[in-house]
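Here is how the chains run, residue by residue.
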Amino acid sequence: MVAVFDADQRDKVQNLSGKFVGVSCLPANEKVAPEVELWTALESYSDEICHRLGIANSENLLLAISSYESDDHHDRLYSVSSDLSISFETLVSSIVHVWCERNPIPILKFILS
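A brief look at the structure comes next.

Criteria and thresholds
- What you see as residue numbers is a count from 1 along each chain, following the sequence as written.
- Selection of residues for local features in this predicted model requires a pLDDT of at least 70, selection of side-chain atom pairs for listing and counting requires 80 or more, and totals for whole chains, interfaces and linings are taken over all residues.
- By convention in this description, side-chain values take in all heavy atoms of the structure and omit both hydrogens and water.
- Each patch groups residues whose relative accessible area exceeds 30% and which form no salt bridge, using 9 Å between like charges and 5 Å between nonpolar side chains of Val, Leu, Ile, Met, Phe, Trp and Tyr.
- The accessible surface values rely on the Shrake-Rupley method and a 1.4 Å probe; as for residues, cover is taken only from the protein chains in view.
- Salt bridge, as applied in this entry: a Lys or Arg side-chain nitrogen positioned within 4 Å of an Asp or Glu carboxyl oxygen.
- A run of H or I in DSSP becomes a helix once it reaches four residues, and a run of E becomes a strand once it reaches two; helices and strands are each numbered from the N terminus.
- Think of it in three bands: residues with accessible area under 20% of the maximum for their type are buried, residues over 50% are exposed, and the middle band is partly exposed, with areas taken using a 1.4 Å probe on protein chains only.
- Stacked, tilted and edge-to-face pairs are distinguished by plane angle, under 30 degrees for stacked and over 60 for edge-to-face with tilted covering the rest, among Phe, Tyr and Trp rings (Trp via its six-membered ring) whose centres lie within 6.5 Å.
- In this description, one arc is meant: the one made by directions from the helix axis to the C-beta atoms.
- Note on contacts: a residue pair qualifies if any of its non-hydrogen atoms lie within 4.5 Å across the two residues.
- To obtain each axis, a line is fitted to C-alpha atoms, and for helices this fit is confined to the stretch in contact; angles are then taken between N-to-C directions over 0 to 180 degrees.
- When describing relative orientation, an angle under 35 degrees is termed roughly parallel and one over 145 degrees roughly antiparallel, while 65 to 115 degrees is termed roughly perpendicular and anything else oblique.
- Residues are grouped as follows: nonpolar covers Ala, Val, Leu, Ile, Met, Phe, Trp, Tyr, Cys and Pro; charged covers Asp, Glu, Lys and Arg; every other residue, Gly included, is treated as polar.

1. Thoughts on a nonpolar patch on the surface
A contiguous nonpolar patch, built from Ile105, Leu108, Ile111 and Leu112 and spanning about 450 Å² of accessible area, is present on the exposed surface. Take Leu112: it is sitting in helix α7 (residues 104-112). Overall, Leu112 belongs to the exposed group, its relative accessible area being 72%.

Structure (structure tokens):
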């Protein structure tokens, strides 16, 4: 059994590993909450994400990103998915897929942890 924590908890759980159960953290490029990592990916890989979602005009996504970037990180992706008339799950799935393609090293470290 392995307990999996958010990446922003990495420093807090580092000393717990192996005491009672295995401990790991979600892969991320920074020690941030998953919603923040996904938002950064959405901003960085917006063209690829648009392509995966079948959105012909990436301006729609860019406008949604700029409209909600100052909102609470827990709410932003819900707002973007609503603006684009796609489900939250579809948006997150596309972001995660592209993030995984672009970040194989953190994925491998997570799988092997």
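2. Overview of the packing of aromatic side chains
What the rule picks out here adds up to one aromatic pair. Ring centres of Tyr78 and Phe88 lie 3.9 Å apart, and the angle between their planes is 10°; on these two criteria the pair is classed as stacked. Of the two residues, Tyr78 sits in helix α5 (residues 76-83) while Phe88 sits in helix α6 (residues 88-102), which places them ten residues apart along the sequence. Overall, the relative accessible area of 47% leaves Tyr78 in the partly exposed class.

3. Considerations on unusual backbone geometry
Positive phi outside glycine occurs at Ser85, with the angle close to 55°. With respect to the element layout, Ser85 can be found in the loop between α5 and α6.

4. Things to note about helix α3 (residues 46-53)
Given 3.6 residues per helical turn, the α-helix brings residues three or four places apart onto the same face. Within α3, burial applies to Ser46, Ile49, Cys50 and Leu53. End-on view of α3: buried residues confined to an arc of 105°, all on one side of the axis. Facing away from the buried surface of α3 by more than 90 degrees, the exposed residues are Asp47 and His51. Close packing links the buried residues of α3 with α2 (34-44), α4 (58-68) and α6. One or two steps after α3, the chain reaches Gly54, where phi turns positive at roughly 75°.

5. Looking at the environment of Asp75
Note that Asp75 resides in the loop between α4 and α5. Looking at Asp75, the relative accessible area reads 43%, which means it is partly exposed. Taking the C-alpha atoms as reference points, Asp75 and Glu35, 40 residues apart in sequence, are found 8.8 Å from one another.

6. Points about the packing of α2 against α6
In the contact formed by α2 and α6, the axes pass within 10 Å of each other and the chain directions differ by 75°. The angle between α2 and α6 places the two elements in the roughly perpendicular class. Every residue of α6 that contacts α2 at Glu37, Leu38, Ala41 and Leu42 is listed here: Leu91, Val92, Ile95, Val96 and Trp99. For the contact of α2 with α6, a count of residues per class yields eight nonpolar, no polar and one charged.

7. Describing the pattern of salt bridges
Counted by the stated rule, this structure contains two salt bridges. A salt bridge links Asp11 to Lys31; the nearest nitrogen and oxygen atoms lie 2.9 Å apart. Of this pair, Asp11 sits in helix α1 (residues 10-13) while Lys31 is found in the loop between β2 (22-25) and α2, placing the two residues 20 residues apart along the sequence. Its relative accessible area of 48% is what places Lys31 among the partly exposed residues. Across the salt bridge formed by Glu48 and Arg102, the nearest N and O atoms sit 2.5 Å from each other. Remark: Arg102 occurs in helix α6 and Glu48 occurs in helix α3; sequence separation between them is 54 residues. Under the relative-accessibility criterion, Glu48 is labelled partly exposed at 27%. Residue classification places Arg102 among the partly exposed residues on the basis of a relative accessible area of 45%.

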